[in-house]
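The lines below spell out each chain.
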Number of protein chains: 2
Amino acid sequence: MSTRSKIIYTFTDEAPALATYSLLPIVEAFAAAADIAVETRDISLAGRILASFADELGDKKVDDDLAKLAELTIQPDANIIKLPNISASVPQLKAAIAELQALGYSIPNFPEDPQTDADKEIRARYGKVLGSAVNPVLREGNSDRRAPAAVKAFARKHPHSMGKWSKASQSHADYMRGGDFFSSEQSVTMDKAGDVRIEFVSKDGKVEVKKQLALQEGEVLDGMFMSCNKLRAFFEDTLQDCKETGVMWSLHVKATMMKISHPIVFGHAVSVYYKDVFDKYGELFKELGVNPNNGISSVYDKIKSLPDSQQEEILHDIHACYAERPEMAMVDSVKGITNLHIPSDVIVDASMPAMIRNSGQMWGKDGKQKDTKAVMPESTYARIYQEMINFCKTNGAFDPTTMGSVPNVGLMAQKAEEYGSHDKTFEMQADGTMRVVLADGTVLMQHEVEKGDIWRACQTKDAPIRDWVKLAVTRARQSDTPAIFWLDPERAHDRELQKKVETYLQEHDLTGLDIRMMGYNEAIRVSMERLIRGQDTISVTGNVLRDYLTDLFPIMELGTSAKMLSIVPLMAGGGMYETGAGGSAPKHVQQLIEENHLRWDSLGEFLALAVSLEETGIKTDNLKAKLLGKALDAATGKLLDNNKSPSRRTGELDNRGSHFYLALYWAQELAAQTEDLELQAQFAPLAKQLSDNEEAIVSELAAVQGKPVEIGGYYRSNPELTSKVMRPSATFNAALAALA
Amino acid sequence: MSTRSKIIYTFTDEAPALATYSLLPIVEAFAAAADIAVETRDISLAGRILASFADELGDKKVDDDLAKLAELTIQPDANIIKLPNISASVPQLKAAIAELQALGYSIPNFPEDPQTDADKEIRARYGKVLGSAVNPVLREGNSDRRAPAAVKAFARKHPHSMGKWSKASQSHADYMRGGDFFSSEQSVTMDKAGDVRIEFVSKDGKVEVKKQLALQEGEVLDGMFMSCNKLRAFFEDTLQDCKETGVMWSLHVKATMMKISHPIVFGHAVSVYYKDVFDKYGELFKELGVNPNNGISSVYDKIKSLPDSQQEEILHDIHACYAERPEMAMVDSVKGITNLHIPSDVIVDASMPAMIRNSGQMWGKDGKQKDTKAVMPESTYARIYQEMINFCKTNGAFDPTTMGSVPNVGLMAQKAEEYGSHDKTFEMQADGTMRVVLADGTVLMQHEVEKGDIWRACQTKDAPIRDWVKLAVTRARQSDTPAIFWLDPERAHDRELQKKVETYLQEHDLTGLDIRMMGYNEAIRVSMERLIRGQDTISVTGNVLRDYLTDLFPIMELGTSAKMLSIVPLMAGGGMYETGAGGSAPKHVQQLIEENHLRWDSLGEFLALAVSLEETGIKTDNLKAKLLGKALDAATGKLLDNNKSPSRRTGELDNRGSHFYLALYWAQELAAQTEDLELQAQFAPLAKQLSDNEEAIVSELAAVQGKPVEIGGYYRSNPELTSKVMRPSATFNAALAALA
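Residues numbered from 1 in each chain as written. Chains lettered and ligands numbered in written order. Predicted model: local features only at pLDDT ≥ 70, side-chain atom pairs only at ≥ 80, totals over all residues. Heavy atoms only, no water.

Moving on, we get to helix α14 (residues 308-324) of chain B. All names here are of chain B. The first and last C-alpha atoms of α14 sit 25 Å apart over 17 residues, in line with the 24 Å expected at 1.5 Å per residue. Residues of α14 that are buried: Q311, I314, D317, I318 and C321. The buried side chains of α14 occupy one side of the element, clustering within an arc of 125° when seen end-on. In α14, the exposed positions that point more than 90 degrees away from the buried face belong to D308, S309, E312, H316 and A323. (Helix = DSSP H or I, 4+ residues; strand = E, 2+ residues; numbered from the N terminus. Expected span 1.5 Å × (residues − 1). Buried < 20%, exposed > 50% of the residue type's maximum accessible area, 1.4 Å probe, protein only. Arc of directions from axis to C-beta.)

Pasting the structure below:
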């Protein structure tokens, strides 16, 4: 058994975990035909909690599967299906602890306010379980995201709605023309490893070290800042412009991800828009602890402590701002939630594609769609949205039935680029100089800054870049598709990367490949021109554009980014296949428990498994594995085409029924192929049996629905109970069992 | 004298001819210093009339200078300064004949309706003098147009006004997405010389030969058509769209130049916009001979024969259209002249740059600027305007003080491309097939057409293309500027040209040159991106884009296209330097005769002369000639800078005063240079003398103004009288005479 190929299927939480009880037996049975073992690793929240206290569990001790998985990611034969897991908040963590304790696991309580050393140690252990604790550990590779053929074919046949574009649309993207990060960016590549310090030098010469970094040889380090004064003047200009033109005003940032810089930017938008209020109540707000970075809702929260009459006066003045200022886009016009209410509501990579898909319009306070100025202060990436808006004005909305595709190869490994810059982002407390200095005193870069400016540094290691180039070439070759490196010759950082890309491209056979480098505007334009002619173009981008484009194009092409295939080819040679951009869906669990209907769609798992099988086949020269992958892809296409995805409504086909149809179609595909007759012979009977019993199985699956079920836990449900609930068709189970 | 270099200065008509009396003596005196003779050739209307009847003039016989010039254009040493001349209408011709007869020339009257053979022969001789009779004879080369350094510097220092662009502008260009010439274009290159016939095959198989052509080896022939039904549906759509969006409607064609196809297109616009009227009065209009191709003014003209009450009813119905249809852009809102009044009023290559320079707006019937839909049915070239509009929305208006330049190298020789297609353009009288057939019966191309469709063929000979490629390489080399061939890979014609360009580029040393080929959208975008960064890019284009771009970019850069340097490097090796895009200015003559003030600006002549001298210097290795050219350029710059161009107002500096300052600055530049000490010694005294006497000369020139003068004729003024009028400063004349 030890020489068999292995696919590691992650056992996670909530809906994806429930679905695993139904899907995994099918996968195991099919994979066995190609001599592939499917093993699970428990990286659920419960599993990770238990692993953190393994030493205290006695005979209930569990393995640290996440640590093992992390080790696996740097092995060349890793083949991991990564399902979505819980990024636990404190309340979730506490609930999970209680559930585990009730199951007899002797784990400690979560110490809210640890005082003793013992408590502090417990708190530290739990700390490692909190929040986004899985992805950073596992993402030892760059990103390869694409629309699978089956999904693309489905979208072409059953297109999602696309709002018509008017040539006379007034919508546009607006961004700073100076004073932003783009205009101040400096970039250096380390010719050898070395320590640097980021320091602030005040006007009187005092030096304050803000951060020390140990940089690797070949690592790229950038420094840049955004001018607070210019940012505020820009916001004021955009507001005046909207006031004049009657176009609605809207702000698009990414405060969740760019978690240091963007809340500050957002805060300036709030205090400029509501300038009269912040001017009038400046002192009072300071006393109350109002923080505009938390949105205008911060004012509503903090003034609650004031007497009614004073509250009313402030609310009156806030309303007066609306009369003075242009109309603002709403997040929820029914509830009166504006764009500036809280910073996490409008997230640029989701909100801009939504606006573009919606005729370039957002919703006003009257609930009506309106032409919009999309304000995105930082110009680096904002320009691509203006480019797409111009394109839609000129050529009309994209047509999902005919358009090509823009898959992405994204630089992501080892926290490359801006997304790793949070701990190197600083809001200036005084005028002075920010500089980056080598240990020997050499100044690598420096900026004159003013109080309020946002300065940040950004690291990109060499190995991920080299791997990213390789991945781009590989994808271009495998998919026979032109690839464009989005590198802006006017950006210091991109010029450094361009040199590396040119170097590393020479390590590959580029014969017959069409690989180009372009600035962002040109890159997106060329991609769009090809798109409307039905042609595909790989976007090879940095980390931020990876994030933006893997929403932007999928939303145009497929109506959602959740159906994308998301592969992380690990730098060590293995592969990780991420599924389900939709989170772990707690509401789905509730529906199952109350009505025995699971509406979780395993489409992401089907897609990931097909690639995983194909990869295994290629790497181990296993024809059966390749054919299994190919057949699974075809089966998924058929499933989409025949509308056998789970319904949201209890009583109709759910997750389990969808799995049945997948098994049926998968078996039929294998029975129909003739490349491997053994495989054909093995699956023909199953195909016949499932087909003959389709009606019986579907009714067995339907019969159980509508009543509550017991699965013995939420964070760690009982395996036997859950399996019974998730596999209710005796006919189907028997047929599967006969295969082995 | 016979080995001296020669510059041929054309003697033409009206204002440019008058100015020649003042300028030429200066030029002759200066050129003599480099041993260059300046000779004139009389290609004036009067001169051409006399040459046509040379055999009947006895001792008053004149040479046929135009024929001689035409011969010269195919000589390698041709160096011709071509001033604007009269393209005579019949009334102008008759007036000139009468004037010449009064001067004693025994030429016959113009036979309006010739019956006898003798009269027919006379009519035929006069026919060759009518209309645009000079340019087609002389343009034996492609086109090289650029903004001279002095003019560019002037525009940077004294920028013309540019309307601000709003990001929320609703203006745009709209064009057909199918059914136009672009979508149906077919193109073949003749592998050997051959005769072809263009023929129409009716539904019942009857063949009608429309045209026979003898094609050369390597000649490119295109065939294409525009669907009448799709064109009319497109017009209706644009009108509905404007009605919905409130954007003003405007039509942009070029009925003057595309003189067969565009009046038909214009006519459809008229009969669609005023559909209700044309539907209601269809029969009546047919009887009256109303032709929508002549504009709605045709209705106004033709209904004059009707009783008042019927006229009123029709006028009422026309006005009812305005209520039903969207607002239309006005040519003259004061006089109530709309865009659809007469076909020659709005000419795309002038009207679109004017609109773009004017914030993307045109004038409505209330005389106010408004956002506009610029309707240009044919998509081939219309797309570049949409591209520029999008660019201005994104980046704001161009800034003349910082922007670079887009000079043009245009394919023009031997009537290349569409501009030679008039005699091969046909409006279909029935449904059927249009085809182009070789003498041996091979069908080169064919189109299924419907009644009303416009079919046309277009020729481009090989030699001009080869020369055009050479000119592009030469200009790229000489100006050290990147050059872009605007060739659209989606256009059949351009794909044929692209093959030729690739072939002919191999004939040149391209080392160190940046020569690219791009589709129109990409080409204009790249050029504009460079433009706003202060960089120059040569546009290497076909004939129509030559025409469009040499207005579009100059109007952005300089505020006018009249200040461009327009060179025709003759294919045989010589050079022709065209001046003055402004025509021959009859109103200027009137002002001179009545008030002795000539406001003609000889800037075009200065610029052309400088290049002509420089070219002579290079070709004959004559340093003095080169220095004369360089100094003239510098003097022209100084003249612009010091605002010594002619004023429009009598009493202020006029054409003659401007010439004086040119002579002063030119002499000063030559006196200041040290590359040729002989030249320096020769001009230093003149510079001093002119400078010392500046006040005296200027007041002598001013003193004569304000009174009528007599020059003894309009089409052939008396040389002695005219010279006296045009050289009124004794001090200046004496100084010049001393130079020789």
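Take the UniProt feature "binding site: Mg(2+)" (unreviewed entry) in chain A next. Residues and elements named next belong to chain A. Under the feature "binding site: Mg(2+)" (unreviewed entry), the UniProt entry names D349, D547 and D551. Across 203 residues, the annotated set stays spatially compact, with a maximum C-alpha separation of 7.1 Å. When you line up the elements, D349 lands in helix α15 (residues 348-357). A relative accessible area of 3% means that D349 is categorised as buried. If near-sequence neighbours (up to four positions away) are discounted, D349 is found in contact with K254, Y385, D547, Y548 and D551. Engagement of the side chain of D349 in a polar contact is seen with the side chain of K254, the distance being 2.5 Å. (UniProt positions renumbered as here; feature names shortened; annotations may be inferred. Contact = heavy atoms within 4.5 Å. Polar contact = N/O pair within 3.5 Å; in protein donor to acceptor, adjacent residues only side chain to side chain.)

Further remarks concern the sheet that holds strand β7 (residues 194-202) of chain B. All names here are of chain B. One open sheet accounts for 4 strands, arranged β8-β7-β17-β18; its pairing is antiparallel. Two strands close off the open sheet at either side, each with one partner strand: β8 (207-215) and β18 (443-449). Sheet twist, expressed as the mean angle between neighbouring strand axes with direction ignored, is 15°. Both β7 and strand β17 (residues 432-438) contribute to a ladder of 7 bridges, which runs antiparallel. Across the sheet, residue V196 finds its bridge partner in β17, namely L438. (Pairing = 2+ DSSP bridges. Axes fitted to C-alpha atoms, helices over the stretch in contact; angles between N-to-C directions.)

Moving on, we come to the side chain of S647 of chain B. All names here are of chain B. One can find S647 in the loop between α23 (623-641) and α24 (655-672). Side-chain polar atoms of S647 contact the side chain of E652, separated by 2.5 Å. When near neighbours in sequence (up to four residues on either side) are disregarded, S647 contacts H597, R599, E652 and L653.

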